[in-house]
Amino acid sequence: MAEKVSVGLIGCGVVGGGLVRALSRNGALMASRLGAQISVERIAVRDLSKNRDLPVEPAIFTTDWMSIATDPAIHLVVELVGGTDTAREMILTALRHGKSVITANKALICEYGEELFEEAEKNGVNLYYEASVAGGIPIIKALREGLIGNRVQRLYGILNGTCNYILTQMKNKGWDFDYALAEAQRLGYAEADPALDVDGHDTAHKAGILASLSYGFWVRPDQVHTEGIRGLDILDIQFAARMGYTFKLLAMVKPNLAAPVSQNGARPFSPVQVTVFPTLLPEDHVLANVNGVFNAVFVQGDVVGETLYYGPGAGADATASAVLSDLADAALDIKCDSAGRVPAFTPHEEDGEVQDIDSVVCPFYLRLQVMDRPGTMANIASILGDLNIGISSMFQPEGHEGDRVPLVLMIHDARHDAMREALKKIGQLDVVFGDPVMIRVEPFDPLPVLAD
Ligand code: NDP
Ligand code: HSE
């Protein structure tokens, strides 16, 4: 007879509803695989009058989350509410009442992870958060368990389903930004506040979590240089496509591999670049072909080499699948009395630090609106040259009326501080109109071969 694990669910919207349906479909299968039966005994929501059409008894719903977080008959609490205020209180309360907690709340984990993990450890329970990054892709498990014997040499992620859906529809169907966002909301991909998605913060939360797991020191959201996709011009999407590039909102986590080996022979993996910005990828790279709501994470380890994880990154079913995986781990930990077997996070890098954006080096795409007259290009090239910034190619698309034309420059590897200085000076030229558009390029060059 399978042991019963009683679950209290707090929050039953897009993800919570998906979880209840998935458990109803595959709960018996999971019980046969786990030797433990997972049973949702109580559900807290904000509004009892909503029609939810779920395969559970209406009597198990309440608006009193506290009564679930403190109920001695509940073994496990699943928080699927979102936000960082009440959700934090919900999780802390459950942990303090000796219950392990499962959450999909990346904002909360990235901001308050250290506090929550400490509280879990103090109470001899655990905090599971597979669903917090990349929806249905089991990337937390891959990093903490599958790749535990590797040093992560670099990690790239397309981590926000909403943004990837918007960028794909803008490029392939010519939709405008607002329409594409409204569709992403309708499909249940976007956060309650979609600014978190389109301004890059949701990706930054996920990048912070992946960077922390990869490098062993906790990366807070304010340490992640973040730019989103709001205001991206369809013109740049078209120009980039002409040059063989695709736009993605890309999270990058890269240690400074070029740092000299220290006297004791150790290779310092710090500082680590942890950034999120719209990036041009060569269109034949596998990440450039991750479309719609799909996410992908590319992880290069020093033992395994290049690995790729791909799957749906948002939505009820994708996220429910990740929560089910946490439910299975938590149920087994309860059954085997092993709540700390895979700790929520193990700090192991005391001197770890995040690289300052000024010193991050990459190639750039620049688009300027300039006066179409002799000497314009010479002025711009001279500013770039004085700052030791090289131009790799340029084009001035034909067919624009009047004396103002777009000028697109591709820039060789340059530091961010040098580019900022150059753009300030270029913006002051009387032949340049409006703000220059600057977008990073990721060429995915092979890693340098380093001596042991
Ligand atoms: P929803 O807004 O759809 O659902 C939120 C749920 O929380 C609702 O059921 C709401 O109740 C309930 N709730 C709000 N306040 C309270 C309260 N005080 N007490 C009890 N219940 C409350 O959000 P999602 O399901 O989309 O997201 C949930 C979490 O999952 C978030 O952390 C999100 O970031 C994360 N996530 C979401 C993904 C997605 O694709 N949507 C993917 C991965 C993670 P009511 O129904 O009555 O309004
Ligand atoms: N709003 C998020 C996204 C949900 O679009 O990726 C999944 O974390």
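Conventions used here
Residues numbered from 1 in each chain as written. Chains lettered and ligands numbered in written order. Predicted model: local features only at pLDDT ≥ 70, side-chain atom pairs only at ≥ 80, totals over all residues. Heavy atoms only, no water. Helix = DSSP H or I, 4+ residues; strand = E, 2+ residues; numbered from the N terminus. Buried < 20%, exposed > 50% of the residue type's maximum accessible area, 1.4 Å probe, protein only. Polar contact = N/O pair within 3.5 Å; in protein donor to acceptor, adjacent residues only side chain to side chain. Contact = heavy atoms within 4.5 Å. Pairing = 2+ DSSP bridges. Axes fitted to C-alpha atoms, helices over the stretch in contact; angles between N-to-C directions. Salt bridge = Lys/Arg side-chain N within 4 Å of Asp/Glu carboxyl O. Patch = residues over 30% accessible without salt bridge, like charges linked within 9 Å, V, L, I, M, F, W, Y side chains within 5 Å. Areas by Shrake-Rupley, 256 points an atom, 1.4 Å probe, with all protein chains shown as cover. Lys, Arg positive; Asp, Glu negative; His and termini not counted. Charge placed at Lys NZ, Arg CZ, Asp CG, Glu CD. Near = heavy atom within 4 Å. Nonpolar A, V, L, I, M, F, W, Y, C, P; charged D, E, K, R; others polar. Domains from an automatic or database assignment. Parallel < 35°, antiparallel > 145°, perpendicular 65-115°, else oblique. Left-handed = near helix turned anticlockwise from the far one by under 90°. Arc of directions from axis to C-beta. Right-handed = clockwise from strand over helix to strand, strands pointing away.

## Remarks on the side chain of Asn-105
- Positionally, Asn-105 belongs in the loop between β5 (100-103) and α4 (106-122).
- By relative accessible area, Asn-105 is classed as buried at 7%.
- Separated by 2.8 Å, the side chain of Asn-105 and the backbone oxygen of Gly-83 make a polar contact.
- Setting aside residues no more than four positions away along its own chain, Asn-105 makes contact with Glu-79, Gly-82, Gly-83, Ala-87 and Ser-132.

## Structural notes on the sheet that holds strand β4 (residues 76-79)
- Spatial ordering of the open sheet is given by β3-β2-β1-β4-β5-β6, a layout of 6 strands whose pairing is parallel. Single-partner strands in this sheet number two, and they are β3 (61-62) and β6 (127-128).
- Sheet analysis places β4 next to β5, joined by 4 bridges and oriented parallel. Note on β5: the bridge partner recorded for Leu-76 is Ser-100.
- Where helix α3 (residues 86-96) meets the sheet, its contacts fall on β1 (3-10), β4, β5 and β6, and the angle it forms with β5 comes to roughly 155°.

## Some details on the pattern of salt bridges
- For the structure shown, the criterion picks out 20 salt bridges.
- Here Arg-42 and Asp-71 are joined by a salt bridge, their closest N and O atoms 3.2 Å apart. Here Arg-42 is found in strand β2 (residues 36-44), whereas its partner Asp-71 is found in the loop between α2 (65-69) and β4, with 29 residues between them in sequence.
- Here Asp-417 ties to Arg-415 by a salt bridge, and the two come within 2.7 Å at their closest N and O atoms.
- Note on Asp-417: relative accessible area 25%, which makes it partly exposed.
- It is possible to trace a salt-bridge network through shared partners that takes in Lys-106, Glu-191, Asp-202 and Lys-206.

## Describing a negative patch on the surface
- A cluster of acidic residues, Glu-349, Glu-350, Asp-351 and Glu-353, forms a negative patch on the protein surface.
- Counting through the fold element by element, Asp-351 comes out in the loop between α11 (316-335) and β13 (361-371).

## Concerning the site of ligand 1
- Lining the immediate surroundings of ligand 1 are 26 residues, of which Asp-47, Lys-50, Arg-52, Glu-191 and Gly-315 lie closest.
- Within the contact set of ligand 1, an oxygen atom lies 3.2 Å away from a side-chain nitrogen or oxygen of Lys-106.
- Coverage of ligand 1 by the protein chains reaches 86% of its 900 Å² of free accessible surface.
- A per-class count over the shell around ligand 1 returns 13 nonpolar, 7 polar and 6 charged.
- A domain-level breakdown of the shell around ligand 1 finds at least three residues from each of domain 1 (4-135 + 316-335) and domain 2 (142-312).

## With respect to the site of ligand 2
- Of all residues adjacent to ligand 2, which total 13 residues, the nearest are Lys-106, Gly-161, Thr-162, Tyr-189 and Asp-197.
- Between a nitrogen atom of ligand 2 and a main-chain N or O atom of Tyr-189, the distance comes to 2.7 Å.
- Interatomic distance of 2.7 Å between a side-chain N/O atom of Glu-191 and a nitrogen atom of ligand 2.
- When the free accessible area of ligand 2 is taken as 250 Å², the share hidden by the protein chains comes to 94%.
- Of all the elements in the fold, those that place two or more residues in the shell around ligand 2 are α6 (161-173) and α9 (201-215).
- Looking at the shell around ligand 2 residue by residue, the class counts come to 4 nonpolar, 4 polar and 5 charged.

## Focus: the packing of helix α1 (residues 14-34) against α11
- Interaxial distance between α1 and α11 falls to 8 Å at its minimum, and their mutual angle equals 45°. As far as their axial angle goes, α11 and α1 are oblique. Our pair here, α1 against α11, has a crossing hand that is right-handed. Along its contact with α1, which presents Val-14, Val-15, Gly-18, Leu-19, Ala-22, Leu-23, Met-30 and Leu-34, the element α11 presents Ala-316, Thr-319, Ala-320, Val-323, Leu-324, Leu-327, Ala-328, Leu-332 and Lys-335.
- Broken down by class, the residue content of the contact of α1 with α11 amounts to 14 nonpolar, 2 polar and 1 charged.

## Details of helix α12 (residues 376-386)
- The complete set of buried residues in α12 reads Thr-376, Ile-380, Ile-383 and Leu-384. The buried residues of α12 occupy an angular sector of 95° when projected down its axis, which confines them to one face. With respect to the buried face of α12, the exposed residues turned more than 90 degrees away are Ala-378 and Asp-386.
- Buried residues along α12 sit in contact with β13, β14 (391-395), β15 (404-415), α13 (416-427) and β16 (432-441).
- The first or second residue beyond α12 is Asn-388, which carries a positive phi of 65°.

## Describing unusual backbone geometry
- Phi is positive for Asp-53, which is not a glycine, with a value near 50°.
- The class of Asp-53 is exposed, set by a relative accessible area of 67%.
- Phi angles above zero are rare outside glycine, and Phe-444 is one such case at about 55°.
- Relative to the assigned elements, Phe-444 resides in the segment after β16.

## Some details on the environment of Arg-42
- The partly exposed category is assigned to Arg-42, whose relative accessible area is 23%.
- With residues up to four places along the chain from it excluded, the contact list for Arg-42 reads Val-7, Gly-8, Leu-9, Ile-60, Thr-62, Ser-67, Ile-68, Asp-71 and Ile-74.
- A distance of 2.8 Å separates polar atoms of two side chains, one belonging to Arg-42 and the other to Ser-67.
- Polar side-chain contacts of Arg-42 include one of 3.2 Å to the side chain of Asp-71.

## Section: the pairing of β1
- Burial analysis of β1 places 6 of its 8 residues in the buried class, the great majority of the element.
- The pairing of β1 with β2 spans 8 bridges and is parallel. Its bridge partner lying in β2, Ile-10 is registered against Ala-44.
- The parallel pair β1 and β2, bridged by α1, forms a crossover whose chirality is right-handed.
- Bridge count between β1 and β4: 4 bridges; the pairing is parallel. Along β4, the bridge assignment pairs Leu-9 with Val-78.

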